[in-house]
Amino acid sequence: QKLPIYLGASKENMALGAVHLTYTSLPLDQNNTNCVIAAHRGYRGAAFFKRINELEPGDIITLHTPWNVLTYTVTETKIIKKNDIGQVYIRDGKKLLTLSSCHPYTKNTHRYLVFAELTSCSEQ
């Protein structure tokens, strides 16, 4: 799935694609970071993160920024209560990307999280 990423989880931005959650780390090759990207699991005919639950440890996620191509490897998936924000905190010494979407599909009671660690960074 290829999606544009917008800054801020406004209703308007989430209708267009994935969003970078405010107050989380930017996608940079730096320690002690956790960039959180969220998207709907389907929105008015657009798939967005509909198949997020198919990601498994070892799968690759590639993020293209204006400066770099960041490659992350999925390490874990988890279902949490939607207010359990401690799950997306920075972890010491880690360079993380966390994908987040509603769970179960078509409901909004929980969040499905995919955790991935940075494995490479190259210039764009």
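Below is a short write-up of the structure. Quick caveat, the model's predicted, so the values are computed rather than measured. (Residues numbered from 1 in each chain as written. Predicted model: local features only at pLDDT ≥ 70, side-chain atom pairs only at ≥ 80, totals over all residues. Heavy atoms only, no water.)

### Considering the pattern of salt bridges
Phase 1 of the analysis: Enumeration according to the criterion identifies 4 salt bridges in this entry.
Phase 2 of the analysis: A salt bridge links Glu54 to Arg51; the shortest N-O distance between them is 2.7 Å.
Phase 3 of the analysis: Exposure remark for Glu54: the relative accessible area of 43% places this residue in the partly exposed category.
Phase 4 of the analysis: Put simply, Lys94 and Glu117 hold a salt bridge, and the shortest N to O gap is 3.4 Å. With Lys94 in the loop between strand E5 (68-81) and strand E6 (95-103) and Glu117 in strand E7 (residues 110-123), this residue pair connects regions lying 23 residues apart in the sequence. (Salt bridge = Lys/Arg side-chain N within 4 Å of Asp/Glu carboxyl O. Buried < 20%, exposed > 50% of the residue type's maximum accessible area, 1.4 Å probe, protein only. Helix = DSSP H or I, 4+ residues; strand = E, 2+ residues; numbered from the N terminus.)

### Brief notes about the sheet that holds strand E1 (residues 5-7)
Phase 1 of the analysis: Read across the open sheet, the 7 strands follow the order E1-E2-E3-E6-E7-E5-E4; overall the sheet is mixed. Across the chains shown, the open sheet's two edge strands, defined by having one partner strand only, are E1 and strand E4 (60-64). Each strand axis lies, on average, 35 degrees off the axis of its neighbour in the sheet, ignoring direction.
Phase 2 of the analysis: The pairing of strand E3 (residues 33-38) with E6 spans 6 bridges and is classified as parallel. Its bridge partner being in E6, Val36 is matched across the sheet by Thr98. (Pairing = 2+ DSSP bridges. Axes fitted to C-alpha atoms, helices over the stretch in contact; angles between N-to-C directions.)

### Topic: the side chain of Arg41
Phase 1 of the analysis: The residue Arg41 is located in the loop between E3 and E4 in this model.
Phase 2 of the analysis: Buried within the structure, Arg41 lacks any salt-bridge partner; Glu54 is the closest side chain of opposite charge, at an N-O distance of 7.6 Å. (Lys, Arg positive; Asp, Glu negative; His and termini not counted.)

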